[in-house]
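Breakdown of the fold
The chain contents come next:
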Amino acid sequence: MSYKTILVHVDESDRSSLRVKFAAEIARSEEAHLIGTAVTGVSRFIYQDGNISASDPNLTIHLNFLRERAEKAVDEFNKIVDHIGVPSFESSIANDEAGGGIGLQARYSDLVIVGQTNRDEPSPSVLPDFPEYIVMNSGRPALIIPYAGDFHSVAKRPLISWDASREATRAVTDAIPLLKKADLVQVAIFNTKSTPDAHGEQPGADIALYLARHGIRVEVSVHKTSTDIGNALLSLAHDLDSDMIVMGGYGHSRFREMIMGGVTRTILESMTVPVFMSH
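All values reported here derive from a predicted model rather than from experimental measurement.

Counting its regular elements, the chain contains 10 helices and 12 strands. A compact globule built from 279 residues should have a C-alpha radius of gyration of about 19 Å, and the chain, at 19 Å, falls within 12% of that. Overall, the C-alpha framework of the chain stretches about 70 × 40 × 30 Å when taken along its three principal axes. Within the span of the chain, comprising 279 residues, buried residues form 51% of the whole. Pairs at least 24 apart in sequence give 80% of the contacts found in the chain among residues at least 6 apart.

Another point: the pattern of salt bridges. All chains considered together, the criterion is met by 9 salt bridges. Ionic pairing is found between R19 and D11, a salt bridge with its closest N-O pair at 3.0 Å. Accessibility classification places R19 together with D11 in one group, the buried group. For R265, the salt bridge goes to E132, with nearest N and O atoms at 2.8 Å. Of this pair, R265 sits in helix α10 (residues 262–270) while E132 is found in helix α5 (residues 130–137), placing the two residues 133 residues apart along the sequence. On the basis of relative accessibility, which here comes to 6%, the residue E132 falls in the buried class.

One turn of the α-helix equals 3.6 residues, which is why residues spaced by three or four share an orientation. With 15 residues, helix α1 (residues 16–30) should reach 21 Å at 1.5 Å per residue; the first-to-last C-alpha distance of 21 Å fits that figure. Taken together, the buried positions of α1 are occupied by S16, L18, R19, V20, F22, A23, A24, I26, A27 and E30. Positive phi shows up at E31, right after α1, with a value of about 55°.

A full pass over the atoms with the stated rule returns 2 aromatic pairs. Ring geometry for F22 against F151: centres 6.1 Å apart, planes inclined by 20°, an arrangement best described as stacked. Pair noted here: F22 is in helix α1 and F151 is in the loop between β5 (142–145) and β6 (158–161), with a separation of 129 residues, a long-range link. Seen from their ring centres, F77 and F89 are 6.2 Å apart, and the 75° between their planes marks the pair as edge-to-face. Of this pair, F77 sits in helix α3 (residues 57–84) while F89 sits in strand β3 (residues 89–94), and the two are 12 residues apart along the sequence. Judged by its relative accessible area of 29%, F89 is partly exposed.

Time to look at the side chain of H9. Checked against the element boundaries, H9 lands in strand β1 (residues 5–9). Under the relative-accessibility criterion, H9 is labelled buried at 2%. When neighbours within four sequence positions are excluded, H9 is seen to be in contact with R19, T37, V39, A98, I102, I113, V114, V126 and F130.

What follows deals with the nonpolar core. Counting 48 residues, the largest nonpolar core has I6, L34, I113, L143, I160, L179 and F276 as the members making the most contacts within it. Look past the residues within four positions of L143 in its chain and what remains in contact with it is I26, L111, V112, I113, V114, V154, M244, P274, V275 and F276. In this structure, A106, M136, F190 and L233 belong to the second largest nonpolar core, which totals 32 residues.

Of all the positions in helix α8 (residues 205–212), only I207, A208 and L211 are classed as buried. All buried residues of α8 lie within an arc of 100° about the axis, which places them on one face of the element. Tucked inside the fold, the buried residues of α8 contact β6, α6 (166–179), β7 (185–190) and β8 (218–223).

Running from N to C, α6 and α8 cross one another at 45°; their axes reach a closest spacing of 11 Å. Judged by the angle between their axes, α6 and α8 are oblique. Read as a crossing pair, α6 and α8 show a hand that is right-handed. Of α8, the residues touching α6 (which contributes V172, T173, I176 and L179) are I207, Y210 and L211.

Here β5 shows two buried faces, one formed by A142 and I144 and the other by L143 and I145. As paired elements, strand β4 (residues 111–115) and β5 share 4 bridges and run parallel to each other. The residue bridging V114 from the neighbouring strand is I144, located in β5. One crossover worth recording links β4 to the parallel β5 by way of α5, and it is right-handed. Two elements, β5 and strand β12 (residues 275–278), share 3 bridges in a ladder whose sense is antiparallel. Of the residues in β12, the one forming a bridge with A142 is M277.

Cut-offs applied
Residues numbered from 1 in each chain as written. Predicted model: local features only at pLDDT ≥ 70, side-chain atom pairs only at ≥ 80, totals over all residues. Heavy atoms only, no water. Helix = DSSP H or I, 4+ residues; strand = E, 2+ residues; numbered from the N terminus. Rg over C-alpha atoms; globule rule 2.2 N^0.38 Å. Buried < 20%, exposed > 50% of the residue type's maximum accessible area, 1.4 Å probe, protein only. Contact = heavy atoms within 4.5 Å. Salt bridge = Lys/Arg side-chain N within 4 Å of Asp/Glu carboxyl O. Expected span 1.5 Å × (residues − 1). Phe/Tyr/Trp six-rings, centres within 6.5 Å; stacked < 30°, edge-to-face > 60°. Core = buried A, V, L, I, M, F, W, Y, C linked by side-chain atoms within 4.5 Å. Arc of directions from axis to C-beta. Axes fitted to C-alpha atoms, helices over the stretch in contact; angles between N-to-C directions. Parallel < 35°, antiparallel > 145°, perpendicular 65-115°, else oblique. Left-handed = near helix turned anticlockwise from the far one by under 90°. Pairing = 2+ DSSP bridges. Right-handed = clockwise from strand over helix to strand, strands pointing away.

Right under this line is the structure:
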């Protein structure tokens, strides 16, 4: 199992170049084709106001502005990827907002890389629920890069949040190409007594054996916490010097309103390291 097509969302945000750097390094390691896609947000702008006219000069100015933003983002993507030395890559621009444009293209990719929502850096082409929308609707695993924090690697020391659920199972399986290249994979299990049937007599033994059969070096730790599991997971990631969290994404969508589980919401809002998430 390996990634052969990787998609990264590019824009003019402060962290776009970091997303591209990590995407390029993963693509080069996996010998994968890398696609950098920027979105203009044109569809969102037009649909919000049914009274605008195609001949409106103000509309033309605004659409040109959106297009220029996207072109700058893909130009920067091309420069970074060419410098890193990814042998196979391309860039594209989608005339849609990020959820629609990236979400559709993600279905033809093995992994999609996006950024955490930064509400202090709003974008005309990216809605606040963009990462959640990709996780819940693309059918692909997402690697979400935080908008803050200082980290220099991804997946060298990953931490798996394991609760034996379908979502966690999907996330672990989707992450195997990255986990196989890790120095050490930590598996954390919280509050096993709340779901005793899911973990068996020795919590973590089955998932550790599964990963070991893939040649992955793994350690398991069991934790009990009376606080929010999401914050406990972030604290553990800090203590272990983890550079990626792997976890299931929990929730469902009502059109564009994402109804996320408590742990998922905490991580998406407060992540301090990249998060690999599948639904």
